[in-house]
Amino acid sequence: QVAAATTALTKAMVDGDRSTLEKLAAEELSYGHSSGHIDDKKEFVEKIASGSSDFLSIDLSDQTILISGKTAIVRHILKGKTQDKGKAPADIHLRIILVWQKQGGQWKLLARQAVKIT
């Protein structure tokens, strides 16, 4: 279920799917970018759905999942291409940690942090 939620999140980020992003993100979401900026749920969803933060592609590798009770920690490597509004396309290479929490029988993204791989 956690792997499926991670896959659904990745697809929703590429597709800019507001409805799925709203459904998967916890109200308490803390979404950390590799730049150091942190979004709350509203800012995260709006940036992706509006295209101001636009993922053209995302490929994940080396994924691990650790579940402890109602908490799951997912780590992976993200390679992708972005084209944020007003910027040229850019390749990204990030190490990601996602923290999922089971809320009401559904896995919700509670936290995310990205670190650039150089």
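Colleague: Quick rundown of the overall build of the chain? Include the residues and the values.
Modeller: A count of helices and strands for the chain gives three helices and six strands. When its C-alpha atoms are laid out on the principal axes, the chain stretches across 40 × 30 × 25 Å. For the chain, buried positions account for 34% of its 118 residues. A separation threshold of at least 6 residues defines the contact pool for the chain, and within that pool the share at least 24 residues apart is 48%. Just so you have it, the chain exposes about 6600 Å², and 51% of that area is on carbon and sulfur atoms.

Colleague: Give me the pairing of strand β6 (residues 106–116): which residues, what numbers.
Modeller: Direction of pairing for strand β1 (residues 25–32) relative to β6: parallel, over a ladder of four bridges. Looking at β6, one finds that alanine 25 is bridged to leucine 109. As paired elements, strand β5 (residues 90–103) and β6 share 10 bridges and run antiparallel to each other. Note on β6: the bridge partner recorded for glutamine 101 is lysine 108. Count of turn residues in the β5/β6 antiparallel hairpin: two residues, of which glycine 104 carries a positive phi of about 60°.

About the thresholds
- Residues numbered from 1 in each chain as written.
- Predicted model: local features only at pLDDT ≥ 70, side-chain atom pairs only at ≥ 80, totals over all residues.
- Heavy atoms only, no water.
- Helix = DSSP H or I, 4+ residues; strand = E, 2+ residues; numbered from the N terminus.
- Buried < 20%, exposed > 50% of the residue type's maximum accessible area, 1.4 Å probe, protein only.
- Contact = heavy atoms within 4.5 Å.
- Areas by Shrake-Rupley, 256 points an atom, 1.4 Å probe, with all protein chains shown as cover.
- Pairing = 2+ DSSP bridges.

These figures capture arrangement, not role.
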